[in-house]
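# Coordinates in review
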Amino acid sequence: MFLLDYFELTNPLISIITGLSFFVIFNYLVSQVNRLVRLPNGPWGYPIVGYLPFIKDDIYLVFDRLAKKYGPVFSLKLGKHDTVVICDWEHLKVAFADEALLARPHENFYAGLIDESSFIEMSGDPWREHRRLSIQILRDVGFGKSTMETLITREIDQFLPTIEGEKIDFTKKITPSVSNIISCFLFGQNFEYSDPYKIELDEQMEKLGQVFEFTGIQAFLPWLTRILSYFKVANLEQIKRAINDSDNLVQEKIDERMKSYSPSTEIVDYIDGYLQEKEKRKAKGDHIFNFKILKRNVTEFFGAGSETVATTLSWTMNYLVHFPEYQEKIRSEISEIIGYDRKPNYTDRNQMPFTMAFLYETQRIGSVIASNLLRRASRDTKIGQYTIPKDTLVIFNLWSIHREEKLWPDPERFDPNRFLTDNGTKAFKPPYLVPFSSGKRNCLGEGLANVELFLYIVSILQRYRIKSEKIDHNLCSQSVLGVARRPKYLPKLTFKRLQH
Ligand code: HEM
């Protein structure tokens, strides 16, 4: 009775606002109760934005702390999304194998900024078909074959002289070199470091790498992203511009290829292979492959294939200068197994356990993709005793797995020896070292990345002693989060030629 009087007496605007507020609060309470009943335990948040205002640190650290309070699998509301976060190996290994968790969110990674998706953001059959085709094309143009190793070695030959000297900004030098390798597969060519096209593409990717996070605001509040980006709010505008500029550069290459494209010639790169498949399918009335996806796939491949490997190599440099004794240990394996007259090849790794252990430890402690890429439950599922209802977002907090005390004693300590067995004669990679994620939707470039990491590190140490004047052990593991988790204080480096 009191409520009715109230609505009649106040002016219509206040009635609407009051009604809307009741609606929002009611909805919020219903969703919270729903979450309590159906989802794992977790913290409460505010209506509309959920827990987002409480995330004041790097998100993977916040998740790790919440897991200590609510348990290794917990839920929270991020924007409009119910989200489950998995922070221990016992449950993650079950999640990796669960076909219900292969999907990505309904909106793409740049929701509110661009509308088109690459296959990395797709779910169901379109993802499966694109992933299968992408693997097939890349294999056809040398991925995973001996040509891949030759191509990497050729690029390293071009790269090595560029770092000789003092006060080298390693990250600046390594990025164009690593991205040249993925360029060979995508564009059928590598580039001179002075090529203006390539400089521009690397720069756009670098900008994106610095400002974009997979778990940023756009992932959870696309409508707000849309509004903020319309008003050109700082980071979002930069992200949008960097994606559009990279897409335009990639489009130039696709247009160039279209001029010389012939459906009957042997394919030379990813663009070529995609165009041929697109034409074949079009003839059968199947339009699942199109130009927009091709453009986005190429841009995303270029980014995924460069940023992660370059960042991991930056972490290796970081630990090599902080622990010069590990440089010597790797070099003694180089002396014994390869010597200084021939180039390393990937099979050498089988006789270089310490080098491999060093790389594994860098990948563990670096955890460059700290919270994986977002997944979504495509149907109701269960992970252990935890229920994950359809359409819940799922985050695999890889950083937590790589810091799990019972798997990695003293996890903050950088110690390659934890990967050595049989008195240090063998390197062992445990299944819970998962920098590339795992299961049917693992990193598509894992094979390429592993060869790159090994050949770059061994080639650099075969030629140079690495030093830095500015070493502060307290800053060694500090990081900054963008697309990848990067070292925050990688000092300028000196690469001094070894005398043999
Ligand atoms: C050290 C280097 C790398 C790391 C740590 C890394 C890590 C990852 C991770 C964690 C994922 C998410 C998988 C998931 O959703 O569970 C991923 C996906 C992906 N990565 Fe990598 N990656 C690396 C290098 C590369 C390279 C060199 C390429 C290029 C060929 C690449 C291409 C991709 C693609 C295409 C996906 C999406 C797969 C899909 O959605 O089906 N990555 N990567």
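Residues numbered from 1 in each chain as written. Predicted model: local features only at pLDDT ≥ 70, side-chain atom pairs only at ≥ 80, totals over all residues. Heavy atoms only, no water.

Positioned with a positive phi, Lys167 is a non-glycine residue whose angle comes to about 50°. With respect to the secondary-structure elements, Lys167 resides in strand β3 (residues 165-168). In this model, Ser367 sits at a positive phi of 35°, which is unusual for a non-glycine residue. Its location among the elements puts Ser367 in the loop between α15 (353-366) and β4 (375-376). Look at Ser367 and you get buried, because its relative accessible area is 2%. (Helix = DSSP H or I, 4+ residues; strand = E, 2+ residues; numbered from the N terminus. Buried < 20%, exposed > 50% of the residue type's maximum accessible area, 1.4 Å probe, protein only.)

The next thing to look at is the packing of helix α11 (residues 234-260) against helix α13 (residues 291-322). Relative orientation of the contacting elements α11 and α13 amounts to 115°, with a least axis distance of 9 Å. In terms of crossing hand, the pair formed by α11 and α13 is right-handed. Facing α11, whose interface residues are Ile243, Ser246, Asp247, Val250, Gln251, Ile254 and Met258, α13 presents Phe291, Leu294, Lys295, Arg296, Val298 and Thr299. Looking at the contact of α11 with α13 residue by residue, the classes come out as seven nonpolar, three polar and three charged. (Axes fitted to C-alpha atoms, helices over the stretch in contact; angles between N-to-C directions. Left-handed = near helix turned anticlockwise from the far one by under 90°. Contact = heavy atoms within 4.5 Å. Nonpolar A, V, L, I, M, F, W, Y, C, P; charged D, E, K, R; others polar.)

In this section: the packing of aromatic side chains. Tallied over the entire structure, the rule returns 36 aromatic pairs. With 6.3 Å between their ring centres and 85° between their planes, Phe159 and Phe170 make a pair best called edge-to-face. Taken together, the positions of Phe159 in helix α6 (residues 146-163) and Phe170 in helix α7 (residues 170-187) put the pair 11 residues apart, joining distant regions of the chain. With respect to burial, Phe159 and Phe170 carry one shared label: buried. Note on Phe159 and Tyr456: the rings are 5.6 Å apart at their centroids and 70° apart in plane angle, and the pair reads as edge-to-face. Placement of Phe159 in helix α6 and of Tyr456 in helix α17 (residues 446-463) is noted, with a sequence separation of 297 residues between them. Chaining the aromatic ring pairs together yields one cluster made of Trp89, Phe96, Tyr360, Phe396, Trp408, Phe419 and Tyr432. Sitting over the ring of Tyr197, Lys253 keeps its end group 4.5 Å from the ring centre. (Phe/Tyr/Trp six-rings, centres within 6.5 Å; stacked < 30°, edge-to-face > 60°. Lys NZ or Arg CZ within 6 Å of the ring centre and 35° of its normal.)

Keep in mind that these numbers describe shape and distance, not what the molecule does.
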